[in-house]
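This is what each chain is made of:
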Amino acid sequence: MNTVAILATREYLERAKSRGFIIGTIIGILGIVAISFISLIGSFLAGQLTTSIALVGPDAKTTKMLDEALREDHKVTVQPYQSRGPGIRPELKKQVVSGQYDAALIAYRDAEGSLGFAYYPVKSASLEDQQTLRRRLLQPVIATDFKGTSALKAEHALNFAFFTTNLNPRYKTAAEAGLAQGLVYFLLLLLYIAVIMYGIWVGQGVIEEKSNRVMEIMIGAVRPGQLLAGKIIGIGALALTQMAAFALTALTVLLLAGHGASLPISTVPVSTIIYLLVFFFLGFFSYATMFAGIGALASKAEDVQQSNGLSVWVIVVAYMLSIFALQDPDKPFLVWASLVPLISPMLMFTRVATSTVPMWQIGTAIGLSLAFIWVATLLAAKLYRVGVLMYGKPLSPKEIVRALRAPS
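Residues numbered from 1 in each chain as written. Predicted model: local features only at pLDDT ≥ 70, side-chain atom pairs only at ≥ 80, totals over all residues. Heavy atoms only, no water.

(A) How the structure looks around the overall build of the chain. A count of helices and strands for the chain gives 17 helices and four strands. Each of the 408 residues in the chain was classed as buried or not, and the buried ones make up 43%. Partitioning the contacts of the chain with sequence separation of at least 6, the portion at a separation of at least 24 is 70%. Total accessible area computed for the chain in this model is approximately 22,100 Å², and 66% of it derives from carbon and sulfur atoms. (Helix = DSSP H or I, 4+ residues; strand = E, 2+ residues; numbered from the N terminus. Buried < 20%, exposed > 50% of the residue type's maximum accessible area, 1.4 Å probe, protein only. Contact = heavy atoms within 4.5 Å. Areas by Shrake-Rupley, 256 points an atom, 1.4 Å probe, with all protein chains shown as cover.)

And the structure:
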């Protein structure tokens, strides 16, 4: 046990001093701080991305009504003259083309006195905004074009009764649900990157020691199984250190939120953070054992990269399913997929973070992942014992099967 601890400590210290680990930790901390203020950032960006419209109306009353209808979603500048038709004045067109406005909206009366509009966008975003404009203009059109009983009926039809009774036990409002999904997506992305990064580190660490013949020296002093355990535990401890740094940052933000304005990250339940750690380690050990076994059979780094492609694709599939689960986590095929080892660490985490998942499903996913890790560890140890001194042979499924069947 002391030997494994020494090997794990060596692996931990070597990786902790690397530039990649330090930079990755700093970027992760800054990301957590940034997402804590995502609502403020979103408000700022919304202000910057609001479509600026130059509005020309047929008369003062109609122009005022249009201004009030559009101002909620757009930055409106009323022009100091009235329209005489759908055409745009050359000087206003020049201002739009030069970027002073994103678009111009000309409201005019046709030959029958009905209200019509001519829209002159210059940016693609403004062009896509025309459907929103049409919805905003519907109320003013009815108010000006309909009279008497017809106007009352149209107004009543537009303001039909629509009541919402929220039956979702987790979220009180749509805004809260959207914010929670955004934060879970960030945590999911963190989980995805971390599992890939640390799993590949295990495989690369093995091939580095093989390529510089360090393995031949170490194999005379320690057993291959101890080398495998030391490497996985050391890198796992490094992962725990980084996760602890992220958790400490999140906790600090939560404490600050308690003494000031409510921050978005304060809406994340403690259970979500706990599940994040649980499923991270399940994912890490599931893939780390596979990467270590493949690395032991490889002769050069290129072999590891090619062979890791299949494992990485499994992670990508799990990630894509998790993105779907953000919208509807209780779809039957997502429920069953969340029980499958290698996929469950990310998919089950997404489900428990966004919906109410029965405990038997969570327990089954964790139990099956632990069983997979146990089997994968036995197979990886077998590959490690046979493969650490294998050189020169290209890594292929045939070589992996031959190594598993070889006597220890």
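After that view of the structure, there is still more to cover.
(B) Looking closely at the pattern of salt bridges. This model, assessed by the stated rule, comprises six salt bridges. Note that Arg-89 is salt-bridged to Glu-91, the shortest N-O span being 3.7 Å. Residue Glu-91 is classed as partly exposed on the basis of its relative accessible area, which comes to 44%. Residues Arg-351 and Asp-330 are paired through a salt bridge, measuring 3.6 Å at the closest nitrogen-oxygen approach. On the criterion of sequence distance, the pair formed by Arg-351 in helix α15 (residues 344–354) and Asp-330 in the loop between α13 (301–327) and α14 (332–337) is long-range, its members being 21 residues apart. Relative accessible area serves as the criterion here: at 1%, Arg-351 is assigned to the buried category. Here Asp-330 falls in the partly exposed class, since its relative accessible area comes to 43%. Salt bridges linked by common partners bring Arg-10, Glu-11 and Arg-15 together as one network. (Salt bridge = Lys/Arg side-chain N within 4 Å of Asp/Glu carboxyl O.)

(C) Representation of the side chain of Gln-79 in the model. Residue placement: Gln-79 occurs in strand β2 (residues 74–82). Of the polar contacts made by the side chain of Gln-79, one reaches the side chain of Tyr-101; its length is 3.4 Å. (Polar contact = N/O pair within 3.5 Å; in protein donor to acceptor, adjacent residues only side chain to side chain.)

(D) Structural context of the sheet that holds strand β3 (residues 103–109). Reading across from one edge, β2-β1-β3-β4 is the order of the four strands in this open sheet, with mixed pairing throughout. In this open sheet, the two strands that pair with only one neighbour each are β2 and β4 (115–121). For this sheet, the mean angle separating the axes of adjacent strands, direction not counted, is 20°. One ladder, built from four bridges, connects strand β1 (residues 51–57) with β3; its direction is parallel. (Pairing = 2+ DSSP bridges. Axes fitted to C-alpha atoms, helices over the stretch in contact; angles between N-to-C directions.)

(E) Seen up close, unusual backbone geometry. Located in the positive-phi region is Leu-342, a residue other than glycine, with phi close to 75°. For Leu-342, the location among the structural elements is in the loop between α14 and α15.

(F) Spatial organisation of the confidence of the model for the chain. Per-residue pLDDT for the chain has a mean of 76; in total, 68% of the residues score no lower than 70. Across the chain, the secondary-structure element scoring lowest on mean pLDDT is helix α3 (residues 38–49), at 52, and the one scoring highest is α14, at 92. Between residues 259–263, whose pLDDT stays under 50, and residues either more than four places distant or in other chains, the model counts four contacts. (pLDDT = per-residue confidence, 0-100.)

(G) Quick look at α15. Counting buried residues in α15 gives 11 out of 11 residues, a clear majority hidden from the surface. Restricting attention to buried positions, one finds in α15 the residues Ser-344, Pro-345, Met-346, Leu-347, Met-348, Phe-349, Thr-350, Arg-351, Val-352, Ala-353 and Thr-354.

(H) Fine view of the nonpolar core. Counting 59 residues, the largest nonpolar core has Tyr-198, Phe-280, Phe-284, Met-346, Met-348 and Phe-349 as its most contacted members. Contributions of two or more residues to this core are made by α2 (19–36), α9 (174–211), α11 (224–258), α12 (270–297), α13, α14, α15 and α16 (359–387). Considering each element in turn, this core owes the most residues, 12 residues, to α9. Beyond its immediate stretch of four places on either side in the chain, Phe-349 contacts Val-184, Leu-187, Leu-188, Leu-191, Thr-272, Tyr-275, Leu-276, Phe-279 and Ser-344. Counting residues in each nonpolar core, the second largest holds 11 residues, with Leu-66, Val-76, Leu-133 and Val-141 among its members. (Core = buried A, V, L, I, M, F, W, Y, C linked by side-chain atoms within 4.5 Å.)

(I) Structural detail: a nonpolar patch on the surface. A cluster of nonpolar side chains, contributed by Trp-374, Val-375, Leu-378 and Leu-379, occupies part of the molecular surface with about 410 Å² of accessible area. On the secondary structure map, Leu-378 appears in helix α16. Here Leu-378 falls in the partly exposed class, since its relative accessible area comes to 47%. (Patch = residues over 30% accessible without salt bridge, like charges linked within 9 Å, V, L, I, M, F, W, Y side chains within 5 Å.)

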